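If you want the building blocks of each chain, they are given just below.
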Amino acid sequence: MKFSYYPGCTLKTKGKDLDRYGRLSAEALGFTLEELPDWQCCGAVYPMAKDEIATKLSAVRALVSARDAGEELVTLCSACHNVIKQTNHDMATDADIALRVNNYLGLETPYNGETTVLHYLEVLRDRVGFDKIKAAVKNPLTGRKIAAYYGCLLLRPGKVMQFDDPENPTILENFIRAIGAEPVIWGMRNECCGGYVAAENKAQAEKRSSIVMEDAKKNGADTVITACPLCLYNLAKNGGSDLPVVYFTELLAEALGVK
Amino acid sequence: MSHSNNATEQVLRSSGVDVRKCMRCGKCTATCPAFDEMEYHPHQFVYMVEKGEIEKLAASPSIYKCLSCFACVDRCPRGVEPAKVVEAVRLAVIRQQGQNHMKSDDIPALLDEDMPQQLLVSAMRKYSK
Ligand code: SF4
Ligand code: SF4
Ligand code: SF4
Ligand code: SF4
């Protein structure tokens, strides 16, 4: 299996572990992530306004590259995923946005949301299968109690992302079971950590992320996992907790024996 | 934004939100993680835009407090999508000459060694044009 892959700017710099362990694990599980040749930063937040066109172009260019390669497009950073998936939804459902973007890009074949966008976790669940992952595990993380932090961007808006039930998700918990550990169920797993204001309003970010980390601890977690470099930074830096926060791909690589 | 009617029209168009669908249940505000920080809360954004009170919203720091978490979008029973109203008001402000809330010169002072690019890219996207 081969997929087009959009790593995003953070995975090339501060978030290298998310990318590196993701690629190593992919090879161990028998699929390949082929980096798009010419991707540009997606801008990190989905531009919600109907009259924002220029800010949607880098996401559309990535979607078009994948279409032209005839492949599904895989993302790993939750934020990239959210931007690209929501932009793709606009291209498929908002005729005005699609027309203006297509006019701007002047493509040979106009783009109307044909590419399938998958988060890496969806590849694990829907293309590989958690049973196969379980069978491939060499070092099961037996006895570990892991809290899956979804945050906001993987799940919402639910009707666009269609990733999992936004109020009662199970994908990361099933992932945790597949690598032999025990998932902790906790209330704050899909509530926002306040990452976006961590630069300009550290107090707000500290307050939000502390609430998240305390809840994980109270429910008996020994580790928190995430798919978002911003969640990881904010929870680890501003959460005021001694619980480690790591990328889910790091635990996957560890379990598969490729770390 | 000297003409309130034009400003209201612009926010309605840019957000794509039908503010009349709101039944003022307050669920969006109850679920908003930025609640404590906001002078005007998500349901008030919706209501005040409906009443054409854009200037008050545009002048309020509340427009910079939204975390873009989409909780209000998903949990509104009427599909109103309040976050889109907040964003449209903020855009109406920062699109004006000299109204950037954050400038690239501000960034070095905010940096720390672990900070992901994502945070700076998103702050620039949300706060400046
Ligand atoms: S979300 Fe992030 S890391 Fe991901 S490309 Fe876009 S900005 Fe860069
Ligand atoms: S960084 Fe915090 S704000 Fe972003 S998705 Fe992660 S949880 Fe939400
Ligand atoms: S949740 Fe929806 S209907 Fe209720 S007050 Fe907020 S916008 Fe209005
Ligand atoms: S998107 Fe903004 S307004 Fe809506 S709940 Fe999140 S922080 Fe509050």
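Residues numbered from 1 in each chain as written. Chains lettered and ligands numbered in written order. Predicted model: local features only at pLDDT ≥ 70, side-chain atom pairs only at ≥ 80, totals over all residues. Heavy atoms only, no water.

Residue and element names in this part refer to chain A. Remark: helix 2 (residues 57-69) packs on helix 3 (residues 78-93), axes separated minimally by 9 Å, with the N-to-C direction vectors making an angle of 80°. Considering the angle they form, helix 2 stands roughly perpendicular to helix 3. Residue-level inspection shows Ala59, Val60 and Leu63 of helix 2 in contact with helix 3, the latter providing Val83, Ile84, Thr87, Asn88 and Met91. For the contact of helix 2 with helix 3, the per-class residue count stands at 6 nonpolar, 2 polar and no charged. (Axes fitted to C-alpha atoms, helices over the stretch in contact; angles between N-to-C directions. Helix = DSSP H or I, 4+ residues; strand = E, 2+ residues; numbered from the N terminus. Parallel < 35°, antiparallel > 145°, perpendicular 65-115°, else oblique. Contact = heavy atoms within 4.5 Å. Nonpolar A, V, L, I, M, F, W, Y, C, P; charged D, E, K, R; others polar.)

Contacts between chain A and chain B engage 49 residues on the former and 42 residues on the latter. Between chain A and chain B, roughly 3900 Å² of surface is buried when both sides are summed, and carbon and sulfur atoms account for 55% of that area. There are 8 salt bridges connecting chain A and chain B. Residues Lys207 of chain A and Asp36 of chain B are paired through a salt bridge, measuring 2.8 Å at the closest nitrogen-oxygen approach. On the surface where chain A and chain B come into contact, there are 18 residue pairs in polar contact (both at pLDDT 80 or more). Contributing elements (two or more residues each) for the side of chain A that touches chain B: helix 3, helix 7 (158-161), helix 9 (202-218) and helix 10 (229-238) of chain A. Among the elements that line the side of chain A that touches chain B, the one with the most residues is helix 10 of chain A, at 4 residues. Partitioning the side of chain A that touches chain B into residue classes produces 25 nonpolar, 12 polar and 12 charged. (Buried area = accessible area lost by both parts, 1.4 Å probe. Salt bridge = Lys/Arg side-chain N within 4 Å of Asp/Glu carboxyl O. Polar contact = N/O pair within 3.5 Å; in protein donor to acceptor, adjacent residues only side chain to side chain.)

Below, the discussion takes up the sheet that holds strand 8 (residues 245-247) of chain A. All names here are of chain A. One open sheet holds the 4 strands; their spatial order is 6-5-7-8, and the pairing between them is parallel. Every interior strand has two partners, whereas the edge strands, strand 6 (182-184) and strand 8, have only one. Across the sheet, the mean angle from the axis of one strand to that of its neighbour is 40°, orientation sign disregarded. Pairing analysis gives 3 bridges linking strand 7 (residues 223-226) to strand 8, with the strands arranged parallel. Note on strand 8: the bridge partner recorded for Val224 is Val245. Where helix 8 (residues 171-178) meets the sheet, it contacts strand 5 (145-148), strand 6 and strand 7, and its direction lies at approximately 150° from that of strand 6. (Pairing = 2+ DSSP bridges.)

If you look at the biggest cluster of nonpolar residues, it comprises 103 residues, and the most contacted ones within it are Phe31, Tyr120, Leu124, Phe175, Ile225 and Phe248 of chain A. In terms of residue count, helix 2 of chain A provides more of this core than any other element does, 7 residues in total. The contacts of Leu124 of chain A, once residues within four sequence positions are left out, are Leu29, Phe31, Gly129, Phe130, Ile133, Phe175, Phe248 and Leu252 of chain A. With 39 residues, the next largest nonpolar core counts Ala49 of chain A together with Ala34, Ile63 and Val89 of chain B among its residues. (Core = buried A, V, L, I, M, F, W, Y, C linked by side-chain atoms within 4.5 Å. Buried < 20%, exposed > 50% of the residue type's maximum accessible area, 1.4 Å probe, protein only.)

Our next topic: the packing of aromatic side chains. Residues and elements named next belong to chain A. Applying the stated criterion across every chain yields a total of 6 aromatic pairs over all chains. One aromatic cluster is present, built from ring pairs that chain together Phe3, Phe31, Tyr120, Phe175 and Phe248. In this arrangement the basic side chain of Arg20 is found over the ring face of Tyr21, its NZ or CZ atom lying 4.7 Å from the centre. (Phe/Tyr/Trp six-rings, centres within 6.5 Å; stacked < 30°, edge-to-face > 60°. Lys NZ or Arg CZ within 6 Å of the ring centre and 35° of its normal.)

Attention now goes to the domain arrangement of chain B. Residues and elements named next belong to chain B. In terms of domains, chain B is made up of domain 1 (4-96) and domain 2 (102-129). Taking only C-alpha atoms into account, the centre of domain 1 sits 24 Å from that of domain 2. Taken residue by residue, the interface counts 8 residues in domain 1 and 4 residues in domain 2. Carbon and sulfur atoms supply 55% of the area buried between domain 1 and domain 2, which totals about 510 Å² over both sides. (Domains from an automatic or database assignment.)

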